[in-house]
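Report on the structure
Each chain, written out:
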Amino acid sequence: MSPANVPSSQRKAPAGDQPEGAATLSDIARAAGVSAPTVSKVLNGRADVAAGTRTRVEELLLQHGYRRRRGVSQQSRLIDLVFHELESAWAMEVIRGVENVAREDGLSLVLSESAGRLTPGQTWVDGVLARRPVGVILVLSDLNAAQRAQLTSRDIPFVVVDPAGDPGDDVPSVGTTNWQGGLAATRHLVELGHRRIGVIGGPASMMCSRARLDGYRAALETAGLPVDPALVREGDFHHEAGYTAGLDLLRLPDPPTAVFTGNDLQALGVFEAARERGLRIPDDLSVVGFDDLPITRWVGPPLTTVRQPLLEMAETAARLVIDLGRGERPATTRVDLATRLVVRSSTAPPCR
């Protein structure tokens, strides 16, 4: 009997596609009413499969807990690195950290951007399935349940850097001590003698933003100072948001004498707003940022900020995803690296 006439239930799965669990590729094909090669096409992210068939096969892969057997021959020498945005110096630090580790292992990077969305689109997922990278690193992004299942069924590990939300105990992630950083920044301003301290946070949808704002509140409450809602603004981690919110704060009848911003770019926006209002930093206004980007040492005056170890976070995530891609199981897959206050010249005791 020729291969074309062999019933799909009797065909052998292509090499490398035999899963570790009980369900085989042929089992999935039989349940879906398609051939084993069609299931293989879905697994490999091929475009030449009807949408309805693809959906049916994906549902069965998830239902049966299908896991492709790991094999070096199946992997490309790539790491997929996806950002929700790629336009800032923050992203460049992360890229540099991942590249440092990838280079050591002879791997290359594939960069993607999800156009501001915290969850990448299905087109990106299809590309990953076709590329078969060693692993995926998502920065300030996450996957929905269906996307996680798709990567898991192909045995493509993924790690989230600075998760936008709670990734769950089963998702490897690398973050930083955002709450402690917000606490340290605000406490520094309190210890200098500031009592009206404004804050420009990041998007409320991001866990890191909420943690930094909670640290700000905790520092004020610990010092016996009220948290004045009039001094709290939400930003979006861009320079323009810092400028706009900074102007708003500085135009108040009783403006703050200091401002803590959720990241360095917003702090630089506050610098611009202060100049426009004729205020000198730090004589008239103290400013603290968050991230410690290289530019913060060059601006005038150099910015006091909370150092988020972006390079180390990226390197840790890259090593973690490479280890997972090799089938290793690290002792921990949830890592939070320490932040540190870096005091420069943008903060001083209030003059009023």
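As a starting point, this report considers the structure included with it.

Quick notes on the rules
Residues numbered from 1 in each chain as written. Predicted model: local features only at pLDDT ≥ 70, side-chain atom pairs only at ≥ 80, totals over all residues. Heavy atoms only, no water. Helix = DSSP H or I, 4+ residues; strand = E, 2+ residues; numbered from the N terminus. Buried < 20%, exposed > 50% of the residue type's maximum accessible area, 1.4 Å probe, protein only. Contact = heavy atoms within 4.5 Å. Axes fitted to C-alpha atoms, helices over the stretch in contact; angles between N-to-C directions. Parallel < 35°, antiparallel > 145°, perpendicular 65-115°, else oblique. Left-handed = near helix turned anticlockwise from the far one by under 90°. Nonpolar A, V, L, I, M, F, W, Y, C, P; charged D, E, K, R; others polar. Pairing = 2+ DSSP bridges. Right-handed = clockwise from strand over helix to strand, strands pointing away.

In this section: the side chain of Asp284. With respect to the element layout, Asp284 can be found in the loop between helix 10 (264-276) and strand 9 (286-291). Using a relative accessible area of 18% as the deciding quantity, one classes Asp284 as buried. Residues contacting Asp284, with those up to four places away along its chain left out, are Thr257, Gly278, Leu279 and Cys351.

A pair of packed helices can be characterised by two numbers: the angle between their axes and the separation between those axes. Contact pair helix 4 (residues 89-104) / helix 11 (residues 310-325): the axes reach a minimum separation of 7 Å and the direction vectors enclose 40 degrees. Our classification of the angle between helix 4 and helix 11 gives oblique. Judged by the twist between their axes, the crossing of helix 4 over helix 11 is right-handed. Mapping the contact onto sequence places Trp90, Glu93, Val94, Arg96, Gly97, Val98, Asn100 and Val101 in helix 4 and Leu310, Leu311, Ala314, Glu315, Ala318, Arg319 and Ile322 in helix 11. For the contact of helix 4 with helix 11, a count of residues per class yields nine nonpolar, two polar and four charged.

The subject of this paragraph is the pairing of strand 3 (residues 135-139). The buried count for strand 3 comes to five of five residues, which makes it a mostly enclosed element. Burial of the side chains of strand 3 extends over both faces: Gly135, Ile137 and Val139 are buried on one face and Val136 and Leu138 on the other. The pairing of strand 3 with strand 4 (residues 158-161) spans four bridges and is classified as parallel. Looking at the pairing, Ile137 lines up with Val159 of strand 4. Chirality of the crossover, the property in question, places the unit of strand 3, helix 6 (residues 145-153) and strand 4 among those that are right-handed.

The next thing to look at is the sheet that holds strand 11 (residues 334-337). On the basis of which strands lie adjacent, the open sheet formed by six strands has the order 2-1-3-4-5-11 and parallel pairing. Only two strands of the sheet have a single partner each, and these edge strands are strand 2 (108-113) and strand 11. Averaged over all adjacent pairs, the angle separating strand axes in this sheet is 20 degrees, with direction ignored. In the sheet, strand 4 pairs with strand 5 (residues 173-176) via two bridges, with the strands oriented parallel. From the neighbouring strand, Val160 faces strand 5, where its bridge partner is Ser173. Seen against the sheet, helix 4 touches strand 1 (78-83), strand 2 and strand 3 and runs at an angle of roughly 170 degrees to strand 1. Strands strand 1, strand 3, strand 4, strand 5 and strand 11 of the sheet are contacted by helix 11, whose axis makes an angle of about 165 degrees with strand 4.

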